[in-house]
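Residues per chain are reported as follows:
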Amino acid sequence: MTPARLLRVCRQRARSLFRENTVDAELSQELAFHFDGLVEENLAEGMSVAEARRAAARILGNTELLSEQCRDHRRVGWLLDLKRDALYGLRTMRKSPAFTAIAAVSLALGIGANTAIVGTFGATLFGRLPFADAERLVTIRTFRFDDPTQNNNVSLPDYYEFKDQTGAFESMGASLADQKALGASEDGTPAEKIFGQGFSPGMFETLGAQPLLGRVFTEADYESAQARPAIMLSYRLWQRRFGADPNIVGKIISLNGILTEVIGVMPADFQFGADPEYWTPIRATRGALQAGVRYWIVAARLKRGVSMQSAQGEVTNIAAQLARDFPDTHQGWGARLQPLREAMFGWIRAPLLILDAAVMLMLLIACANIAGLMMARGESRKRELAMRVALGAGRSRIVRQLLTESLMLSLAGGILGMAIAWVGLRAIVLITPAPGAPRLAPIPMNSKMLLLTAAASLGTAFVFGIGPALAAFRRDLIESLKESRAGAAPRSGRRPRGVLVAGQIAFAFVLLIGSGLLLKSYTLLAGRDLNFEPRGLLTFEFRLPLQRFMHVIGEYRGFPYMAIEPRTSLEFQRILDRLRAMPGAESVAGISSPPVNSTIVPTLAVTLEGGIEAGDASYFLVTPGFFDTLRAPLVRGRDFDDRDMLGSEWVAVVNETAARRFWPGQDPIGKRFTLDSVPDDRPRAVVGVVRDIPTRTRATAAEPVIYASYFQQPSRYRLPWANMLGQMTFVLRASGDPTLLAPAAKKAVAEIDADIPIASIAPMERYTEARMQDLFYFAIVMGVFAFLAASLAAIGIYGVAAYAVAERTHEIGVRMTLGASGFAIVRLIAGQTALAVGAGLIAGFAAAMTLTRLLESQLWQVTPTDPAAFAAASAIVALTALFACAIPVGRAIRVDPCAALRSE
C-alpha cells in the first residue's frame, strides 16, 4: 500500500468514526441515488412506476443489510460498538449511584495507592542517581556472623586495608557524619547548628560528583598546614542561609569559631547520606589496626569490567585476614559489598513491600466484591440479556458489552486513583529514613505513573469483569425467558458468589491480622514504663567543638589519646547555674547522650574488684540531680549531688539490670569497679541503683547501664569516647508548659557562649516519641486498609445474603406454609454465608501464618503469630459477618407466605 493510499484510508476511517451520522447520511443518499437510477432505467423499458420500483428493489436487495456491510467495510464498527457500550455503561452507572460510588472509591484507593508505591519503587530503586556511572558505585559494609542481616559501617583500619589491598576498585573514599556551629552573620542572623559530613581524599572523585559553583576539595585542602580550612555548601544551605548568593565562592564564614572559606556549592540533587548541609575535608589517619570502631561510610567505584562477585571475593578475603591478625576487634566480623542505590534507598523496600501487599489485598477484595455484586446484577438482568440474544446479538457481543461496563467502572476508579496517587506520593516522602540514609526527595507524577494507572484500571476491569461476563456467556439465555421471576436460583449461580465472599474474608483477615500486630506493637512501645516522668521536661543539646576542649597527646590501644581542657567542665557548670536561675525552672541537669533516644551509646568493659571481668555496659555521664530532675525512682542509695566532684571519692549509679548481672544476689551499694577507658581512670563505688531507663527507643530488652558523674572524669581520654566530655543534653523540669522555657534557655546559653548554638530543643515527650511515629503511621495506614477491607467484605456478605432472600422468596413462602420455623429459615439463608465465612477464615488463617512474617522487622515485642491478634481478627470477621447478615435474615423471617405464593 502506497503512503498516499494509506493516508487516504486513515482519513476515511477517522471520518467514519468521528462523523458517523454524516457518513451514514451520505451512504443513504448514495443508495437512494442507485435506487432512483434503477427505477429510471426500468421506466425507460416501459414498466409502470410501481413495477419499476419493485424491480429496482429486487435488484438492489436488502438495503439495511447492504448498509451494514458497507459499515463493516469501513473497519471501525467495533469501535462504534465500544462507544455505544460505553455510553450504555455510563447510563447504567448513573442508575445505580450507590453501587457506582462504592465500587469507584474502592478501586480508586487500591489503584491510587498501588500507583504511588510502585512509582516510589521506580524513582528510588530504578531512577537516576546524581552520580556519574552510578551502577559501578558500591559501599562496603561490615556485619557480625551471628547477625548477618545487620549492616554496620567500617572502621578506619578496615578502610585502609580495603583501599590498599584490593585491585577491583578504581577509587575509594570514606565519609563521617559531622555537626558544626555556623557563626552569626553580619546581617544579624544568629548562629545555628548545622549537620554535614567530613569527606576523605578522593571521595568526591569516587562519586563522580561535580559542583554547581566553585570546585571540590583538592589535596591542598587536606594539608594540616593550610592557612584556612575549606567548606562546600549544600544547595539547600546555600539557598536558606545565604540567599542563593551567586558570589558565595571565596567568602569567609565562621565554623566552630574558625574562619573557613567557602569553595563550592553542590547541586540540589546531590545527596550522599542523611541530608547533609555541608562537606568538609577530613584527613582519615590510619591509626593502629587494633582500633575497630565502625563509624565510617566507605564508597568505592568498581573498575570497568570487574563484577560485583569478583570484588566481593577480595573484600571477603581481606576481612578474614583481619580476623586472623586482630581477633580482639575483628573476630566474628565479615564484610560485604552493597550497590550504592541499595545502600541509599534499600531501607524503604521492606515498608513499601508491606504496604503494597496490603494495597493489593484490598484491591483484590474490592474486585471480588464488585464481581459478586455484578454477578448478582447479572442474575437480575438475565431476561434483558436473553432478549438481546433473541433479537440477534451474539454471545461474544454480550460478553463484550459486560466487559465494557466493567471498564467504565474501573476507569472511574482510575481517574479518582490519580488523585489518591498524588496524595500518596507526598505522604510516602514523609517516611523517616533509616539512620545514615538520605530522605526521599519529592516524587512527581509523571507519564509512566499515568500509564501505570491506566494499566491498573484495565487490569482490574478484567479481573472483576471477566467472571460475571463468562457467567452470562455460559447461561442458557433463551431458557431464561421461560423462567419464573420467583424461581429459585440455580446452585451453579450461588457457588461462584460464595467463593468470592470467602476470598474477601480471607484477604480481609490477613489485613486485620497485620494491622492488629502493628497496633499492638505501637501500644506496647508507647505504653511501656520509661521509669521516669517525661511530662514537664524540656531538653536540648549543646556540643563544644573538638578543638575547644581537647588535643592529641599520644595513642592508647590504637586510638588517639586526648588531653581534656579543665575549662570544659567549668563551662558546663556555668550553663547549669544560669539555667537553674531561670524563672519557671524547677530543676536542671545534664547527660552526655539523650536518654531513650540515643543513636550511639558508648560501651565500656567493666572489671569488678579482684580483677573479675564482668562484661560490657553502656556508659553515660550525668550531672548532680539528674535522676531527681527526671523523677526516675532510685531503688536503693542516692542520686549524684554536689559532694561528687573531682577531688572526692569517684562514685557511680547503676541500673537494675547492671546490678543483677554484675552482683547477682548481692547488695551493690558500696561495691567497686573500674572501666576499661584510660589508664588513669579511678575505681568507682556504687552509691545508687536506679530503675531501667531505656537507652534506645525500640530496644527490646534492658541492658546494663552505668551512670558516672560528669565532674569525676580523667583529664585524659581516648577517642571515640572523649567526645562525651564535650557534649551534653540538658533536661529542664518546668513548673508549667516546658515549651515556654525555650526562649529563655536559648538566651541563657548564649550569655555563656554566643558562638555555640543549642540544637534539638523540644519537650521530652516529643523527643522520646520521635522514633515511634513511623510505627504509629504505619499501623494507622494498615488499620485504614484493614477497615476498608472489612467494610468491603461486609458489603459482599450483605449482597450475597440479600440476593439470596430476594431470589428465594417464593421458596421461603412455600417452606413457611409447610410449617418451617424461623430458625429453619435463618439456617437456610445464613447457612451458605456461614460456609463462605468459615472457608474464608480457614484460608485467611493459613495465608496469615505465612504473610505476617514479612512484618517481623516492624514489630516490637510481638510475634508474627501472636494468638491475641489472631483471636481479635477472627472475632472482628465473625461480628462483621453477623451484622452484615442481620438485615437480610430479618427480612427473610418477615416474609408473608401468602404474598410470596401470590407473587408466582
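Each remark here, short or long, concerns the structure printed above.
Residues numbered from 1 in each chain as written. Predicted model: local features only at pLDDT ≥ 70, side-chain atom pairs only at ≥ 80, totals over all residues. Heavy atoms only, no water.

Concerning the sheet that holds strand 13 (residues 550-556)
Argument step 1. Read from one edge of the open sheet, three strands run 13-14-23, paired in antiparallel fashion. Taken across any chain shown, the strands that pair with only one partner, and hence form the sheet edges, are strand 13 and strand 23 (716-718). Sheet twist, expressed as the average angle between the axes of neighbouring strands with direction ignored, equals 35°.
Argument step 2. Relative to strand 23, strand 14 (residues 559-564) runs antiparallel, the two sharing three bridges. (Pairing = 2+ DSSP bridges. Helix = DSSP H or I, 4+ residues; strand = E, 2+ residues; numbered from the N terminus. Axes fitted to C-alpha atoms, helices over the stretch in contact; angles between N-to-C directions.)

Observations regarding the layout of surface pockets
Argument step 1. Here the second largest pocket defines a volume of roughly 880 Å³.
Argument step 2. As for the second largest pocket, its lining consists of 34 residues, and the residues nearest its centre are Q271, F345, L440, A441 and P442.
Argument step 3. When contributions to the lining of the second largest pocket are tallied by element, the ones reaching two or more residues are helix 6 (97-125), helix 9 (235-242), helix 12 (340-345) and helix 16 (447-474). (1 Å grid on protein atoms, 1.4 Å probe; cavity = no way out; pocket = protein on both sides within 12 Å on 5 of 7 lines; lining within 4 Å. Points joined across faces, edges and corners; volume = space filled by probe spheres on them.)

Notes on helix 3 (residues 49-60)
Argument step 1. A rise of 1.5 Å per residue sets the reference length of helix 3, with its 12 residues, at 16 Å; its end C-alpha atoms lie 16 Å apart and thus fit the reference within 8%.
Argument step 2. Just beyond helix 3, the residue with positive phi is G61, at close to 85°. (Expected span 1.5 Å × (residues − 1).)

Looking at the nonpolar core
Argument step 1. Of all hydrophobic cores here, the largest spans 91 residues; its most connected members are F131, F199, F204, L207, F217 and F270.
Argument step 2. Counting residues per element, this core draws most heavily on helix 25 (residues 773-807), at 14 residues.
Argument step 3. In contact with F131, not counting residues within four places along its chain, are L137, L207, F270, Q271, L340 and M344.
Argument step 4. Counting 56 residues, the second-largest nonpolar core is a separate cluster that includes L608, V654, Y710 and V749. (Core = buried A, V, L, I, M, F, W, Y, C linked by side-chain atoms within 4.5 Å. Buried < 20%, exposed > 50% of the residue type's maximum accessible area, 1.4 Å probe, protein only. Contact = heavy atoms within 4.5 Å.)

A word on the pairing of strand 8 (residues 258-265)
Argument step 1. Pairing analysis gives two bridges linking strand 5 (residues 213-214) to strand 8, with the strands arranged antiparallel. Each residue of the ladder has a partner; that of L213, found in strand 8, is V265.
Argument step 2. The pairing of strand 6 (residues 230-233) with strand 8 spans four bridges and is classified as parallel. Within strand 8, the residue paired with I231 across the bridge is V262.
Argument step 3. The pairing of strand 7 (residues 252-255) with strand 8 spans four bridges and is classified as antiparallel.

Quick notes on a negative patch on the surface
Argument step 1. Residues D36, E40, E41 and E45 make up a contiguous surface patch of negative charge.
Argument step 2. Tracing the backbone through its elements, the reader meets E45 in the loop between helix 2 (20-44) and helix 3.
Argument step 3. Under the relative-accessibility criterion, E45 is labelled exposed at 61%. (Patch = residues over 30% accessible without salt bridge, like charges linked within 9 Å, V, L, I, M, F, W, Y side chains within 5 Å. Areas by Shrake-Rupley, 256 points an atom, 1.4 Å probe, with all protein chains shown as cover. Salt bridge = Lys/Arg side-chain N within 4 Å of Asp/Glu carboxyl O. Lys, Arg positive; Asp, Glu negative; His and termini not counted. Charge placed at Lys NZ, Arg CZ, Asp CG, Glu CD.)

Describing the packing of helix 26 (residues 809-817) against helix 27 (residues 822-851)
A pair of packed helices can be characterised by two numbers: the angle between their axes and the separation between those axes.
Argument step 1. Here helix 26 crosses helix 27 at 155°, and the two axes come no closer than 10 Å. Overall, the two elements helix 26 and helix 27 adopt an arrangement that is roughly antiparallel. Between helix 26 and helix 27 lies a crossing of right-handed hand. Across the interface between the two elements, E811, I812, R815 and M816 from helix 26 touch I825, L828 and I829 from helix 27.
Argument step 2. A breakdown of the residues in the contact of helix 26 with helix 27 according to their chemical character gives five nonpolar, no polar and two charged. (Parallel < 35°, antiparallel > 145°, perpendicular 65-115°, else oblique. Left-handed = near helix turned anticlockwise from the far one by under 90°. Nonpolar A, V, L, I, M, F, W, Y, C, P; charged D, E, K, R; others polar.)

As for empty space enclosed by the protein
Argument step 1. Across all of its chains, the model carries five cavities of 30 Å³ or more by this definition.
Argument step 2. Considered as a void within the structure, the second largest cavity measures approximately 60 Å³ in volume.
Argument step 3. Residue lining of the second largest cavity: T142, D158, F162, R294, A319, L322, H330, W333, G334 and A335, and that is the complete set.
Argument step 4. Taken together, the elements giving at least two residues each to the lining of the second largest cavity come down to helix 7 (156-165), helix 10 (308-325) and strand 11 (333-339).
Argument step 5. The element best represented in the lining of the second largest cavity is strand 11, accounting for three residues.

A look at a nonpolar patch on the surface
Argument step 1. A cluster of nonpolar side chains, namely L519, F776, Y777, I780 and V784, defines an oily patch on the protein surface of about 430 Å² accessible area.
Argument step 2. Broken down by element, the nonpolar patch gets its largest block of residues, four residues, from helix 25.

Re the pattern of salt bridges
Argument step 1. Within this structure, the stated rule accounts for 27 salt bridges.
Argument step 2. Residues E649 and R672 are paired through a salt bridge, measuring 2.2 Å at the closest nitrogen-oxygen approach. Of this pair, E649 sits in the loop between strand 18 (634-637) and strand 19 (651-655) while R672 sits in strand 20 (residues 672-675); the two residues are 23 residues apart in sequence, bridging distant segments of the chain.
Argument step 3. Under the relative-accessibility criterion, R672 is labelled partly exposed at 33%.

Considerations on the pairing of strand 19
Argument step 1. Among the five residues of strand 19, five are classified as buried, and the element is accordingly described as predominantly covered.
Argument step 2. The two faces of strand 19 match: V651, V653 and N655 on one face and A652 and V654 on the other face are all buried.
Argument step 3. In the sheet, strand 19 pairs with strand 21 (residues 684-690) via five bridges, with the strands oriented parallel. Pairing of V653 across the sheet is with G688, part of strand 21.

Quick word on the packing of helix 2 against helix 3
Argument step 1. Where helix 2 meets helix 3, the axes come as close as 8 Å, and the angle between the chain directions of the two elements is 130°. The angle between helix 2 and helix 3 places the two elements in the oblique class. Helix-helix and strand crossings are classified by hand; for helix 2 and helix 3 the assignment is right-handed. Contacts between helix 2 and helix 3 involve L31, F35, L38, V39, N42 and L43 from the former and V49, A52, R53, A55, A56, A57, I59 and L60 from the latter.
Argument step 2. Of the residues belonging to the contact of helix 2 with helix 3, the class tally is 12 nonpolar, one polar and one charged.

Digging into the environment of A368
Argument step 1. With respect to the helices, strands and loops of the structure, A368 is situated in helix 13 (residues 349-380).
Argument step 2. Classification of A368 by relative accessible area gives buried; the value is 11%.
Argument step 3. Expressed as a C-alpha distance, the spacing of A368 and A793, which sit 425 residues apart in the sequence, is 8.9 Å.
Argument step 4. In contact with A368, other than residues within four places in its own chain, are L500 and Q504.

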